[in-house]
Amino acid sequence: MRSCDATMATSRVSTRGPERRSAGGKKATRKRAKKKVAKKKVAKKVAKKVTKKKAAKKKVAKKKAVKKVTKKKAAKKKAVKKVTKKKAVKKVAKKKVAKKKVAKKKAARKRSSSTERLEGPVLWSFKAGTEAAFGIYIDEHLCWVGQEAGFVYALTHDGKISRHYKLPQGVMCMVMDERWLYAGCNDGNVYDLRSERPYVAYHIDKSVQIYWMDLFQGNLAVSDDDAYLTVMDFEGERLWKKGGRGSSGWMIRCDADGLYHGHDEQVIKYDWGGKQLWKAKTRGSVLFGWQEQHAAYAGTTFGIDVIDKQSGKRLAFCELSGGVPANAASPDGRLIFAGSDDMIYAFDSKGKELWRLGTGGCGTPLSMQYFDGKLYFVTGRGFLGCMDLDKDAIADALRGEVPKPKRYTAPKQQRATTVSAKLSTATADEGVVVECFYEGSTLRVRPVSDGYDASWHVQFPRNLREDGKRFVVEELVAATQGGFYRALGKISELDE
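Residues numbered from 1 in each chain as written. Predicted model: local features only at pLDDT ≥ 70, side-chain atom pairs only at ≥ 80, totals over all residues. Heavy atoms only, no water.

1. Overview of the sheet that holds strand S28 (residues 383-388)
Here is the rule: One bridge is not enough; two strands pair if DSSP finds at least two bridges between them. For the purposes of this entry, the term helix denotes a DSSP run of H or I that reaches at least four residues, the term strand denotes a run of E that reaches at least two, and both are numbered from the N terminus. Think of each axis as a best-fit line through the C-alpha atoms, taken over the contacting stretch in the case of a helix, with angles from 0 to 180 degrees between the N-to-C directions.
Ordered in space as S26-S27-S28-S1-S29, the 5 strands form an open sheet in which the pairing is mixed. For this open sheet the edge positions go to strand S26 (365-371) and strand S29 (406-409), each flanked by a neighbour on one side alone. This sheet shows a mean twist of 15 degrees between the axes of neighbouring strands, independent of strand direction. By the bridge criterion, 5 bridges tie strand S1 (residues 122-127) to S28 in an arrangement that is antiparallel. What sits directly across from Lys-127, in S28, is Phe-383.

This is how it looks when you write it as structure tokens:
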């Protein structure tokens with residue numbers, strides 16, 4: 001019994017120990033689980049706080065960003081308003097300018113209403129052909145005209161033809177240098193017209209489109225369609241070349257003090273060494289040029305700029321909205337003339353318009369020259385016209401009273417002297433003998449007759465030069481500045 005009881009007691013004790021131990025383990029596990037749950041709750045709370053802080057920061061950042069964007073938008077709106085205001089101001093200014101222009105045009109129309117249909121006192125006109133005429137030169141003996149078909153006519157002052165030449169291509173300009181008259185031609189040559197036939201005095205280049213030229217004491221200055229200014233000596237050798245940064249070099253004038261080159265919207269003065277002395281901006285693109293002793297006159301798309309030749313400052317402006325393809329002035333500068341739209345305009349030295357009168361049906365002047373109280377002009381219709389500038393004649397014309405002009409026309413069939421005409425022969429006692437010779441690689445000409453310096457070269461037609469050949473010239477004239485001779489008058493082959 002005891003042993004049985006003892007065994008049962010022992011088994012009870014052994015079974016309760018593990019039960020107690022397992023219960024205690026469960027409690028510990030529960031505590032740990034509770035702690036974990038508590039930690040998780042704390043972590044969640046902390047995470048929520050952090051999330052809230054982050055969200056708050058994001059809200060603040062968003063608010064700041066929104067404020068910045070709002071400020072930028074406001075600034076842009078202000079800028080747009082300013083630009084809009086400026087544009088509005090500009091529009092108003094443009095409207096005002098447009099109104100002023102309209103008012104000026106109306107005023108000009110009112111001023112011209114009484115004279116715009118009146119013709120000028122044209123004394124006579126000569127129809128040189130159907131092509132436009134650009135070349136003109138007038139002196140006390142002859143009136144010269146050259147046109148685009150290459151025909152050149154020399155007329156007496158009563159309209160009779162004295163000489164008639166046919167050059168290879170169209171004549172763009174005609175200029176006088178002391179006793180020598182030259183024509184610039186579209187074939188790149190400059191022809192001497194003071195003899196019985198035309199001679200090639202200078203050769204530029206066939207690729208060069210001569211717009212205008214001038215000469216001074218044998219030195220040639222040529223302005224072309226690319227606004228280059230090329231200067232040559234009496235032998236036709238290039239001294240220098242300037243410009244080329246533009247187009248339409250319609251103005252070149254020369255004197256002892258320098259050269260006045262007009263193209264685009266400017267006139268530039270150079271000295272004879274090629275140094276730029278001044279540059280004057282013009283009101284509009286240069287279309288023509290003239291000069292007198294103290295002033296250069298640049299005809300432009302808006303009028304005439306009168307420029308002081310020493311300083312380059314504008315002395316006056318003659319306003320003419322139609323453009324000025326031709327202009328001139330009296331020698332004293334008291335009268336300034338412009339040709340535009342079949343009309344001739346006269347201004348005083350300060351630029352005030354005096355009168356405007358028609359060209360008598362001759363067309364729009366393309367070149368003109370004042371001479372001895374008359375204005376001579378050549379036109380796009382091929383006319384050479386002569387207008388009387390006498391005060392009484394102008395006053396009568398402004399009242400609608402003009403004389404009936406005399407009309408002359410070039411004969412349809414008439415033999416013209418050409419460049420290729422054969423030379424006649426002459427003996428040594430009929431003039432001055434000169435001969436051609438090579439100096440290095442250059443073919444030159446020197447005098448042979450007694451009384452002349454054989455070391456001086458002769459300005460002589462380039463198309464006649466042939467090594468060893470001798471000629472008889474009517475007259476050999478020493479250049480004004482010395483150093484070379486210039487052939488004048490008839491040239492014949494020496495009859496040896």
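2. Let's talk about the sheet that holds strand S5 (residues 161-166)
A sheet is described by the order of its strands in space; here 5 strands give the open sequence S2-S3-S4-S5-S30, paired in mixed fashion. Edge positions in the sheet fall to strand S2 (133-138) and strand S30 (417-418), since each has one partner strand and no second. Relative to S5, strand S4 (residues 151-155) is paired through 5 bridges, and the arrangement is antiparallel. Looking across to S5, one finds that Phe-151 is bridged to Lys-166.

3. Re the pairing of strand S35 (residues 470-478)
In regular strands, side chains alternate between the two faces of the sheet. Of the strand pairs in this sheet, strand S32 (residues 432-439) and S35 are connected by 4 bridges, and their pairing is antiparallel. In the strand pairing of S35, Val-434 is matched with Phe-471. For S35 and strand S36 (residues 484-494), the ladder comprises 7 bridges, and the chain directions are antiparallel. Considered in S36, the bridge of Ala-478 is made with Tyr-485. In this antiparallel pair of consecutive strands, S35 and S36, the connection spans 5 residues, and Gly-482 shows a positive phi of 80 degrees.

4. Quick look at empty space enclosed by the protein
To find the voids left in a structure, one rolls a probe of water-molecule size over its atoms. Rules: The distinction between a cavity and a pocket rests on a 1 Å grid over the protein atoms alone: a 1.4 Å probe fits inside a cavity but cannot get out, while a pocket stays open yet meets protein on both sides within 12 Å along at least five of seven lines, and a residue with an atom within 4 Å of a point counts as lining. Grid points are joined across faces, edges and corners, and a volume is the space filled by probe spheres set on the points. Amino acids are sorted into nonpolar (Ala, Val, Leu, Ile, Met, Phe, Trp, Tyr, Cys and Pro), charged (Asp, Glu, Lys and Arg) and polar (every other residue, Gly among them).
Scanning the model with the defined rule gives 1 cavity of 30 Å³ or more in all. Estimates place the volume of the largest cavity at around 130 Å³. Counting only elements with at least two residues in the lining of the largest cavity, the list comes to strand S7 (180-185), strand S9 (199-203) and S36. With 5 residues, the single largest contributor to the lining of the largest cavity is S36. Taken together, the residues of the lining of the largest cavity break down into 10 nonpolar, 3 polar and 3 charged.

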